[in-house]
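Take a look at the letters that make up each chain.
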Amino acid sequence: MALYWCTEALPLAVTALLPVVLFPMMGIMESGDVCMQYLKDTNMLFLGGLLVAIGVEQWNLHKRIALRVLAIVGVKPALLMMGFMGTTAFLSMWISNTATTAMMVPIAQAVLEQLDSSEAEADQLEVDNGQLNSGYEPDEEPAKSEEAKGRPGNGHVMSIEEGEGLAEQRRQIRKEKYANLSKGMSLSVCYAASIGGTATLTGTTPNLILKGQIDELFPTNGDVVNFATWFGFAFPNMLLMLVLAWFWLQFMFMGFNFKETFGCGGQVSEKDRKARQVIKDELKKLGSMTFAEGGILTVFVLLVVLWFTREPGFMPGWATVLFNKDGKQFVTDGTVAIFMALVLFVIPSKLPSCFCTGGRREGEESQKIKAPKALLDWDTVHQKMPWNILLLLGGGFALAKGSEDSGLSVWLGHELAPLQTIPPAAIAVLLCLLVATFTECSSNVATTTLFLPILASMAQEIELHPLYIMLPCTLCASLAFMLPVATPPNAIVFSYGNLKVVDMAKTGFMLNIIGVLSITLAINTWGRVIFQLDTFPSWANTTRGPP
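Residues numbered from 1 in each chain as written. Predicted model: local features only at pLDDT ≥ 70, side-chain atom pairs only at ≥ 80, totals over all residues. Heavy atoms only, no water.

### Remarks on the confidence of the model for the protein chain
Point 1. Per-residue confidence for the protein chain averages 81 on the pLDDT scale, and 83% of its residues sit at or above 70.
Point 2. Of the regions scoring below 50 in pLDDT, residues 131–156 engages in 21 contacts with residues more than four places distant in sequence or in other chains.
Point 3. Ignoring residues within four places in sequence, the model shows residues 355–366, a span with pLDDT below 50, making 4 contacts including any to other chains. (pLDDT = per-residue confidence, 0-100. Contact = heavy atoms within 4.5 Å.)

### Looking at unusual backbone geometry
Point 1. With a phi angle near 60 degrees, N60 is a residue other than glycine that sits in the positive phi range.
Point 2. Here N60 shows up in the loop between α5 (41–58) and α6 (61–73).
Point 3. Of note, Q532 is a non-glycine position whose phi angle comes to about 50 degrees, a positive value.
Point 4. Mapped onto the secondary structure, Q532 falls in the segment after α26 (526–531). (Helix = DSSP H or I, 4+ residues; strand = E, 2+ residues; numbered from the N terminus.)

### Some points on helix α19 (residues 387–406)
Point 1. Its 20 residues place the ends of α19 29 Å apart at the C-alpha level, agreeing with the 28 Å of an ideal helix rising 1.5 Å per residue.
Point 2. The first or second residue beyond α19 is G407, which carries a positive phi of 90 degrees. (Expected span 1.5 Å × (residues − 1).)

### Let's talk about the packing of aromatic side chains
Point 1. Going through the model one piece at a time under the given rule, you end up with 16 aromatic pairs.
Point 2. Pairing F231 with F235 gives two aromatic rings, centres 4.7 Å apart and planes at 15 degrees, and the pair type is stacked. In this pair, F231 and F235 both sit in helix α12 (residues 227–253), 4 residues apart, roughly one turn of the helix.
Point 3. For the pair W318 and F323, a centre-to-centre distance of 6.3 Å together with 85 degrees between the ring planes defines the contact as edge-to-face.
Point 4. Site record: aromatic cluster; members linked through ring pairs are F90, W94, F227, F231, F235, F300, W307 and F308. (Phe/Tyr/Trp six-rings, centres within 6.5 Å; stacked < 30°, edge-to-face > 60°.)

### Brief notes about the nonpolar core
Point 1. F84, M185 and I469 are the most contacted members of the largest nonpolar core, which totals 143 residues.
Point 2. Take this core: its biggest share by element is 13 residues, from α12.
Point 3. Leave out the neighbours within four places in its chain, and I469 touches I427, A428, L431, L455, M458, A459 and L464. (Core = buried A, V, L, I, M, F, W, Y, C linked by side-chain atoms within 4.5 Å. Buried < 20%, exposed > 50% of the residue type's maximum accessible area, 1.4 Å probe, protein only.)

### Quick look at the environment of L181
Point 1. By the element assignment, L181 lies in helix α10 (residues 160–196).
Point 2. With relative accessibility at 5%, the residue L181 sits in the buried group.
Point 3. Separated by 71 residues in the primary sequence, L181 and M252 place their C-alpha atoms 9.9 Å from one another.
Point 4. Those residues in contact with L181 that lie beyond four places of it in its chain are P77, L112 and M254.

### A few points about the pattern of salt bridges
Point 1. Inspection of the entire model under this criterion finds 13 salt bridges.
Point 2. A salt bridge links E216 to K401, with the shortest nitrogen-to-oxygen separation between them at 3.9 Å. One end of the pair, E216, is in helix α11 (residues 205–217); the other, K401, is in helix α19, with 185 residues separating them in the sequence.
Point 3. Residue E216 is classed as buried on the basis of its relative accessible area of 8%.
Point 4. Under the relative-accessibility criterion, K401 is labelled partly exposed at 22%.
Point 5. Here R528 ties to D534 by a salt bridge, and the two come within 2.2 Å at their closest N and O atoms.
Point 6. One connected set of salt bridges, linked through shared partners, spans K211, D215, D223, R310 and D333. (Salt bridge = Lys/Arg side-chain N within 4 Å of Asp/Glu carboxyl O.)

### Side note on a nonpolar patch on the surface
Point 1. Together, L3, Y4, L10 and V14 make up an exposed nonpolar region whose accessible area comes to about 340 Å².
Point 2. The class for L3 is exposed, based on a relative accessible area of 60%. (Patch = residues over 30% accessible without salt bridge, like charges linked within 9 Å, V, L, I, M, F, W, Y side chains within 5 Å. Areas by Shrake-Rupley, 256 points an atom, 1.4 Å probe, with all protein chains shown as cover.)

### Describing the side chain of N207
Point 1. Mapped onto the fold, N207 is located in helix α11.
Point 2. Within polar-contact distance, the side chain of N207 engages the backbone oxygen of T200 at 2.8 Å.
Point 3. Setting aside residues up to four positions removed in sequence, N207 forms contacts with G197, T198, T200, L201, W230 and T474. (Polar contact = N/O pair within 3.5 Å; in protein donor to acceptor, adjacent residues only side chain to side chain.)

### Comments concerning the side chain of T198
Point 1. Within the secondary structure, T198 is located in the loop between α10 and α11.
Point 2. Side-chain polar atoms of T198 contact the backbone oxygen of I195, separated by 2.6 Å.
Point 3. If we ignore the near neighbours within four places in the chain, the residues touching T198 are N207, W230, A234, M238, L475 and S478.

### Thoughts on the state of the cysteines
Point 1. Within this structure, the stated rule accounts for 0 disulfides.
Point 2. Of the cysteine sulfurs around C476, a residue in no disulfide, the closest is that of C432, at 3.5 Å. (Disulfide = S-S within 2.5 Å.)

Laid out in structure tokens, this is it:
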């Protein structure tokens, strides 16, 4: 399965179905036990989160949020990149990284094209008016009329040849400037999407795989990984990585001329006004906020609030007080996600029309009152839901369960026992680098599915908190920054044709290093406090010997 997932000789979801056939035939697990792994609580969390995300996409709420933010931050290059990165990262926390990138890149290209054309018009106007001749002296007498027509004068009137040469020079400088700006802006969107997806439990699939593997391998973990604890750990790390990535992209593609890139101390130019108008026009096309958008926004906010307050950690959550008694997890994040997703199929997208009983004309047939369309319908879900990911998640859980039942996990743990002599921090860094390298050539889902069961066994053997290595390696699986094929957001921006592989590889290599260092810092500071990583937990302490 590892070979097929890495080479994609078969579709990833088809490979994930192999345990259903092979485990029973090999006597590893019974068929019923294998099939139960394919629809667990984590799959329900994934399904519910995606249903809400599809609702957000269907009514263009994500586009309205993006345009509002960009209209506020302005169009100065550095601020524009900051706005695009921040907006993309925020949206990819809740909807798919691919959908976020596909929406943001065309907006970025439109704004840059407007900036480029506006600057070209300004340059041409200056050339036509002869304002670029450095030989002009303000204190000289005005040129005579015959000199103004092109005859030799005091030198401030530019010849046609000089004007064309200067225009061409300006054109080349502008072309190079906007080529770099376009590369930097495109990369900023796809990188921000990958970084933003790490901040929430439902932001990207590897996060859910970790949640599922922890619950599968350590059933008594006490819900150690939930939406609130994940957000508390991953969100600060996401902000740190986003800021560092922004500085690195500034250095690579724009330099650090703060007056030019931030527009410090200067007035708003005509080209900036025109570029800002592009954003305002796009926002104007959306019209005023509809009842459907308001409904989706309300459901979305309520979902996030319920997730945070279900089990916040520092106090009993509403689920603990109302439902989860005697240490049993009756209500989980998956329960909340599915409940709020079901609400979307009930709430109408428009306020029902009110018909008055009187005033109908004679002979006029009574009009049928038709119920308005719901916020979400099944046809839309069927088109946009990535069903293959559900099978992929299930295949990973089945593989982990098979490895546990067959004794393979314990054997691998014993083989990795010599690592106990290495400091835990060094182990975490080495494994993070390994996963970050591996995920460039394989999908992040396949990478986490393959590595996490092995890492769990190793942690048990050397008596290290399993999350100390599983958590950073899961985040590193999202650090696919170097190749266009590494992740769909990279492929989307590469398809626009303004990037070369070397541009992405050169920029992404350093971002991978930045990401690994940032995650290592997080797991050794606030991560230790949130998950109590200094101790080996009782739920991870098993007494089984080697097979």
